[in-house]
Amino acid sequence: MSLSPFEVGSAGLVADEEQSLDALDAGRTIEGRSPLRLALARLRSDRIAWLAAGMIILMVLLALCAPLISAVTGHSPYNPDLVNGTNSFGQPYGPGQAGFVLGTDNVGRDILVRVAYGARISLLVGILATLLATVGGTILGLVSGYYGGWIDAVLARMMDAVLSFPYVLAAIVLAAVFGGSLPLTIGVIAFFSWAAIGRIVRGQTLSQKEKEYVEAARSIGAGSFRIMFVDILPNLIAPVIVLGTLLVPVAIVFEATLDYLGVGVGPPTPTWGNMLADDQGSAGFGAWWFWVFPSVALLITTLGFNLLGDSVRDALDPRTERLFANRRKKVVVGAEPNPLSRADSKRLGGGTEAP
Amino acid sequence: MVDAGVPVTPARDLQPLPAPLPDAGPLLRLENVVKHFPIKRGIFFKRQVGRVQAVEGVSLEVRRGETVGLVGETGCGKSTLARCITRLHPLTAGRVVFDGVDITQLSASQLRPYRRRMQMIFQDPFGSLNPRRRVGSIIGDPLAIHGIADGPERKRQVQELMEVVGLNPEHYNRFPSEFSGGQRQRIGVARALALRPSLIVCDEPVSALDVSVQAQIINLLEDLQGEFGLTYVFIAHDLAVVEHVSDRVAVMYLGKIVEMAETAELFGSPRHPYTAALLSASMVADPEKARSSHRVVLYGDVPSPINPPSGCRFHTRCPKAQPLCSVEEPPLRVQPGDPGGHLTACHFPVAPGERLVGAEPAISAAVTEYVASSPGAEEGTP
């Protein structure tokens, strides 16, 4: 039982007779191209997706190589080093000075090493929290939409409550009670993110469960569990994947926010949020490298995941159009230009010039 | 007759179920089946403000090996009745007796063994197949759910089924969207056939298909009936199709059976005015006949099942209605002069050879007013 196939539109799904005859000659079974594979093919031809993937791979490599960078430079991410990390006036080194590629912070720690270690935390929190939120939101959304009745009433009101909760305040209170830690941060982010996915999944389930294929499944004796996870879930995979991808950057920014406020992962651990918080007092006297590099790292990561999320959505649903999408040009090449759209664009373009 | 290029071959491995004992009674018996859908209003405390009386006291027997046709206009409760038979809807009242066992109150797990013997073919060949799953796994689903076959064995059985219904077994790994409407309906037939059921409820299995493809599917269903000893409840609104496939036909109007007879008898001498009107409205593929026959045009629309007319539900549109019709509901019974199997629910049945002229509702406005003011019918009778 494969959960993988999810169909998106009809593009490319051509059951052409020649192909099947060829396959018959070859004497093997004919395999329909799964919608997932079609989506992957579309994704591969999307240059922005490659750019986004490059950004993400860059940050993943940085995170993976963090101990290596630390070993090569000989700089610890944790320990202050006022002897080697600051100049003779006790001031931090700027980028490129004294072998510190991105400079040092107030207490002489290598910013490159700390940014690299920060990437580990950010990616770990971003991906783990997203996974938890996506799995939890999907299951609860499915259950809520499928069963309806009081189960739905309770779960749907719960989602509303979570979505309307002042999550930063809640995180501060939780951190004050339990003390900030990595698992708590992941838990808090997951808890405040599942409802967004749960709500979408619930809505989709409500519409899917009225489809005749669900009735067909019931008529052959399928149980609720099977109908939810074997029949309905594959039809929801597309929006869940898109939402999940777009949730990662939100989780990463959430984590940085909590750290910045001092209620996330504790201060000795190098995280981008901690670095921004630690250094904000010193940024005033011109040490721009304190905050620029963690911010750039944060920017690249979130931008990468956001762009990837957009590309994944386009790949899964070819009907959505995006500005500056390169592959759309390819489609137009060789095709008869649509006179209507040309006239439209002329009209729109001319509108700005005309008095 | 096959659109996939593979002839329907009798598969040796698919043994039909052992023939049922001839004296074992009807395969399916419906006793006064009632299905109402509540209409609810309110945000927090939902209160019931009305009910759609989709099926209102239908009794029917289906004998082994026969095909019972069920016809009626859209919204007359045919499909709801089909879903009551297969227990996709819980019944409001009445009993469904399948092979001597009352399955009305069985729980989902108790029902499972009966689901094996009672399958359904759906109307919409697009909606009834999960678009995200491969054909092989769709047809193999019943086998998986009932633990009949696994792994390579399941695949072998599924490919065999595909061959039986005239699909190319090589297409095992394709998606439903890669098939035509007729082929998709074959997939639905293969899925219904997978568990070797005794009864298949066909809910308008051909109404979404092209006419040429309709014939293919109907022939396929007839072939399979002979091969596997199937019993069909065949729902359609196309009278020609029903006449062709059915041994007996039941005509429904607003949730009730108004007439039921052997096919030739019903089409030859309809007794209920509604049946007569329905038959006169169907196309005849013979210009001579078409010119000579006259049509009974009914006035108005089917009344709302939320608030059906009192007495005989057809009286508001019936050309023969009398005041009695709006007061007393006629029972479904053998009319004088009819053979035993011909039941009609009418006080004033159409006489053989009678022409229903003046198709305007016979009941005057006064009667309608009287009905509207009578208790239990506050509003709505048109």
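Residues numbered from 1 in each chain as written. Chains lettered and ligands numbered in written order. Predicted model: local features only at pLDDT ≥ 70, side-chain atom pairs only at ≥ 80, totals over all residues.

Peer 1: With reference to specific residues and values, describe the overall build of chain B.
Peer 2: Counting its regular elements, chain B contains 12 helices and 12 strands. Looking at chain B as a whole, 46% of its 382 residues are labelled buried. Taking contacts inside chain B between residues at least 6 apart in sequence as the whole, the part at least 24 apart equals 67%. (Helix = DSSP H or I, 4+ residues; strand = E, 2+ residues; numbered from the N terminus. Buried ≥ 20, exposed ≤ 12 C-beta atoms within 10 Å, placed from the backbone. Contact = placed C-beta atoms within 7 Å.)

Peer 1: Please set out the packing of helix H3 (residues 47-64) of chain A against helix H12 (residues 289-316) of chain A residue by residue, giving values where relevant.
Peer 2: Residue and element names in this part refer to chain A. As a packed pair, H3 and H12 sit with axes 8 Å apart at the nearest point and diverge in direction by 145°. The two elements H3 and H12 cross, and the hand of that crossing is left-handed. Residues Ile48, Ala49, Leu51, Ala52, Ala53, Met55, Ile56, Leu58 and Met59 of H3 form the contact with H12, whose participating residues are Ala297, Ile300, Thr301, Leu303, Gly304, Phe305, Leu307, Leu308 and Ser311. Of the residues that constitute the contact of H3 with H12, the class distribution is 15 nonpolar, 3 polar and no charged. (Axes fitted to C-alpha atoms, helices over the stretch in contact; angles between N-to-C directions. Left-handed = near helix turned anticlockwise from the far one by under 90°. Nonpolar A, V, L, I, M, F, W, Y, C, P; charged D, E, K, R; others polar.)

Peer 1: I'd love a proper account of the sheet that holds strand E10 (residues 256-262) of chain B, names of residues and values included.
Peer 2: Residues and elements named next belong to chain B. Ordered by their spatial adjacency, 8 strands build an open sheet running E6-E7-E8-E3-E9-E10-E12-E11, and the pairing between neighbours is mixed. Each edge of the open sheet carries a strand with a single partner, namely strand E6 (118-121) and strand E11 (333-334). Most of the contacts of helix H1 (residues 78-85) go to strand E8 (residues 231-235), to which it runs at about 150°, and overall it touches strand E3 (67-71), E6, strand E7 (199-203), E8 and strand E9 (248-253). (Pairing = 2+ DSSP bridges.)

Peer 1: Can you lay out the nonpolar core for me, pointing to particular residues and giving the numbers?
Peer 2: Residues Ala190, Val233, Phe234 and Val251 of chain B are the most contacted members of the largest nonpolar core, which totals 174 residues. Take this core: its biggest share by element is 17 residues, from helix H10 (residues 224-260) of chain A. Among the domains, domain 1 (28-246) and domain 2 (274-373) of chain B are the pair contributing at least three residues each to this core. Sequence-distant contacts of Ala190 of chain B, that is, excluding residues within four places in its chain, are made with Ile139, Leu161, Met162, Val165 and Leu167 of chain B. (Core = buried A, V, L, I, M, F, W, Y, C linked by C-beta atoms within 7 Å. Domains from an automatic or database assignment.)

Peer 1: Outline the sheet that holds strand E4 (residues 93-98) of chain B, supporting the account with residue identities and numerical values.
Peer 2: Residue and element names in this part refer to chain B. Taken in spatial order, the 4 strands line up as E2-E1-E4-E5 in an open sheet, and their pairing is antiparallel. For this open sheet the edge positions go to strand E2 (47-62) and strand E5 (101-102), each flanked by a neighbour on one side alone. Here strand E1 (residues 28-41) pairs with E4 via 5 bridges, running antiparallel. By the bridge assignment for E4, Arg29 is matched with Val97.

Peer 1: Tell me what's going on with the domain arrangement of chain B, and back it up with residues and numbers.
Peer 2: For interface size, the figure often reported is the accessible area lost on association. Residues and elements named next belong to chain B. Examined at the domain level, chain B breaks down into domain 1 (28-246) and domain 2 (274-373). On the side of domain 2, 7 residues touch domain 1, which itself brings 8 residues to the contact. For the side of domain 1 that touches domain 2, the secondary structure elements donating two or more residues are E2 and helix H7 (239-245). No other element matches E2, which puts 4 residues into the side of domain 1 that touches domain 2. A per-class count over the side of domain 1 that touches domain 2 returns 4 nonpolar, 3 polar and 1 charged.

Peer 1: How would you sum up the environment of Pro336 of chain B? Please name residues and give values.
Peer 2: Its place among the elements puts Pro336 of chain B in the loop between E11 and strand E12 (343-344). Measuring from C-alpha to C-alpha, the distance between Pro336 of chain B and Ser198 of chain B comes to 35 Å, with 138 residues separating the pair along the chain.

Peer 1: Any details on unusual backbone geometry? Residues and values, ideally.
Peer 2: Residue and element names in this part refer to chain B. Backbone geometry places Arg196, a non-glycine residue, at a positive phi of 55°. A count of 17 C-beta atoms within 10 Å places Arg196 in the partly exposed class. Positive phi outside glycine occurs at Glu204, with the angle close to 45°. Judged by the 22 C-beta atoms lying within 10 Å of it, Glu204 falls in the buried class.

Peer 1: Give me the lowdown on the pairing of E7 of chain B, citing residues and values where you can.
Peer 2: Regular strands have side chains that alternate between both faces of the sheet. Residues and elements named next belong to chain B. Judged by how many residues are buried, E7 sits mostly within the fold: 5 of 5 residues are covered. Residues Leu199, Val201 and Asp203 of E7 are buried on one face, and the alternating residues Ile200 and Cys202, pointing to the opposite face, are buried as well. Of the pairings in the sheet, the one linking E6 to E7 comprises 4 bridges and is parallel in character. Of the residues in E7, the one forming a bridge with Ile121 is Cys202.

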